[in-house]
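Geometric and topological summary
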Amino acid sequence: MKISLRKATKSDADLTFKIEQFSIKEYADSLYFTGKRAYHNEFNHTNIQIVELNEMQNIQAIGYLEIEEKSYSFEIINILIHKDFQNQGFGKFLLNEIIHEAQSKSKSIELQVLKNNPRAKRFYENAGFQVYFETEFEFKMKFSHANRIFRN
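Residues numbered from 1 in each chain as written. Predicted model: local features only at pLDDT ≥ 70, side-chain atom pairs only at ≥ 80, totals over all residues. Heavy atoms only, no water.

Attention now moves to the layout of surface pockets. Looking at the second largest pocket, its volume works out to about 200 Å³. Along the walls of the second largest pocket sit 15 residues, with Gln49, Leu65, Ile67, Phe74 and Glu101 positioned nearest its centre. Of all the secondary-structure elements, those providing two or more residues to the lining of the second largest pocket are β1 (2-7), β3 (58-69) and α4 (90-104). Of the residues that constitute the lining of the second largest pocket, the class distribution is six nonpolar, three polar and six charged. (1 Å grid on protein atoms, 1.4 Å probe; cavity = no way out; pocket = protein on both sides within 12 Å on 5 of 7 lines; lining within 4 Å. Points joined across faces, edges and corners; volume = space filled by probe spheres on them. Helix = DSSP H or I, 4+ residues; strand = E, 2+ residues; numbered from the N terminus. Nonpolar A, V, L, I, M, F, W, Y, C, P; charged D, E, K, R; others polar.)

Next comes the structure, spelled out in structure tokens:
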């Protein structure tokens, strides 16, 4: 079993919409509704990579990673793994790769988590992220290498 990433294209809008619907729909629906047409109109594949699982020459898209690299930081916009493939270590693998790359480039990592998604918040906290600000609906989090060492 091997995970690989490929750069998304405009034609991946349906795929990413489907993954989003089966990954975070229960959390996102309480805050906003994104219809398929609106999603397609706003879809920007520039910072998206499709997560593919390769098992015995069978390649299957299981999620996507949306990350923006800025001059001093990485901003994780989404790490979404299809619900059928969650809790198997794929998200943790991707997050560790991002952390490694950010450290090699001496960049910080930031992200936002919906307040009504405690599993995601716990996932990031366990990886070494800490809340530094909150809004009505989201926690803003930053990666702390020191916090990661302390937790592990």
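Alright, that's what it looks like, and here's the rest.
Helical periodicity: at 3.6 residues per turn, an α-helix aligns residues three or four positions apart in one direction. Listing the buried residues of helix α5 (residues 118-127) in full gives Ala120, Tyr124 and Ala127. In a view along the axis of α5, the buried residues occupy a sector of 60°, so they form one face of it. Two residues or fewer past α5, Gly128 is found with a positive phi of approximately 110°. (Buried < 20%, exposed > 50% of the residue type's maximum accessible area, 1.4 Å probe, protein only. Arc of directions from axis to C-beta.)

Glancing now at the sheet that holds strand β6 (residues 129-134). Pairing in this open sheet of seven strands is mixed, and the strands run β1-β2-β3-β4-β5-β7-β6 from one edge to the other. Both edges of this open sheet fall to β1 and β6, since each of them pairs with a single strand only. Each neighbouring strand pair of the sheet contributes to a mean axis angle of 30°, computed without reference to strand direction. By the bridge criterion, eight bridges tie strand β2 (residues 48-55) to β3 in an arrangement that is antiparallel. Residue Glu52 lies in a different strand from β3, and its bridge partner there is Ala61. (Pairing = 2+ DSSP bridges. Axes fitted to C-alpha atoms, helices over the stretch in contact; angles between N-to-C directions.)

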